[in-house]
Structures are given as C-alpha cells and as structure tokens.
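Analysis of the macromolecular model
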Amino acid sequence: VQLQASGGGLVQVGGSLRLSCAASGRTFSTITMAWFRQAPGKEREFVAVISSSGGRTSYAGSVKGRFTISRDNAKNTVYLQMNSLQPDDTAVYYCAASRTIIRSTWPDPQGYSYWGQGTLVTVSS
C-alpha cells in the first residue's frame, strides 16, 4: 500500500483545513486508516483512526470535537477535517494504514505497516 498525504498549509488560529490521504491498491476497504502527527522536538502522536468500513472512529482527547476522520472507499481516500485549529496543532501530519491492527491498539504507531510522507500544518497566531 502506498499512501500520499496532502492538504497541509498555513492557517490562522481558529481556522480549518482538510487533509487527504490517497491510497494505492484494490483492497483499501479492508484497511484500517489513521492519522498521526509529529511536532518539532516531540514524538509522533496519535490523532484519529477509522475502521475499514468507516463504521468506527476514535480520536485523541486533544482533538476530539474539533477534528473528524472519514473515508471514501470508492476513492481510496481518507480525510481529516480539522476545525478550530490552535498553535499546538502545528505539526507534520502522517496518514498510516494497517491490515491487521486490532482495535485495542489503534493509537499505537507500531501497529501500522504503511505510512505516507507527511504534510505540514502550521497554525499561526
């Protein structure tokens, strides 16, 4: 699986962005997809995850209520709608994919075998 993330950019505090992650291959609908982020000098952290069917999602506490993850299996694409952006949201955002990860380990980056190249989100005050 190859992943291509896009949609990052510079936005003011309180603004919105939508990230996209396009996946290659014919089995996208069987893959769990997630977003992680990494700020300068910090470890990569979990942001959101969506099950293969799209029926289940989970979010980090810091983004719950502001970010929404979704997917379009017909387009092999997962999205991250980010609203009410804050300076602490500044980071490189990565999409990740796994065919085998179980629900209890969704936030663990080691559970994902495939990663996109990252897209930079900068929130300015």
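None of these values were measured; they are calculated from a predicted model.

**Details of the overall build of the protein chain**
Along the backbone of the protein chain there are zero helices and 11 strands. Mapped from its N terminus to its C terminus, the protein chain presents α and β elements in the order β-β-β-β-β-β-β-β-β-β-β. Its C-alpha atoms give the protein chain a radius of gyration of 13 Å, within 12% of the compact-globule value 14 Å for 125 residues. Viewed in the frame of its principal axes, the protein chain has a C-alpha envelope of about 40 × 25 × 25 Å. For the protein chain, buried positions account for 43% of its 125 residues. For the protein chain, contacts bridging at least 24 residues in sequence account for 58% of all contacts bridging at least 6. Accessible surface computed for the protein chain: about 6,400 Å², of which carbon and sulfur atoms make up 45%. With 12 positive and 6 negative side-chain charges, the protein chain shows a spacing of 10 Å between the two charge centroids.

**Here's the deal with the nonpolar core**
Met33, Trp35, Leu80, Met82 and Tyr93 are the most contacted members of the largest nonpolar core, which has 38 residues in total. Each residue touching Tyr93, except ones within four places of it in the same chain, is listed here: Leu19, Trp35, Phe36, Arg37, Val47, Phe67, Leu80, Met82, Gly118, Thr119 and Val121.

Analysis parameters
Residues numbered from 1 in each chain as written. Predicted model: local features only at pLDDT ≥ 70, side-chain atom pairs only at ≥ 80, totals over all residues. Heavy atoms only, no water. Helix = DSSP H or I, 4+ residues; strand = E, 2+ residues; numbered from the N terminus. Rg over C-alpha atoms; globule rule 2.2 N^0.38 Å. Buried < 20%, exposed > 50% of the residue type's maximum accessible area, 1.4 Å probe, protein only. Contact = heavy atoms within 4.5 Å. Areas by Shrake-Rupley, 256 points an atom, 1.4 Å probe, with all protein chains shown as cover. Lys, Arg positive; Asp, Glu negative; His and termini not counted. Charge placed at Lys NZ, Arg CZ, Asp CG, Glu CD. Core = buried A, V, L, I, M, F, W, Y, C linked by side-chain atoms within 4.5 Å.

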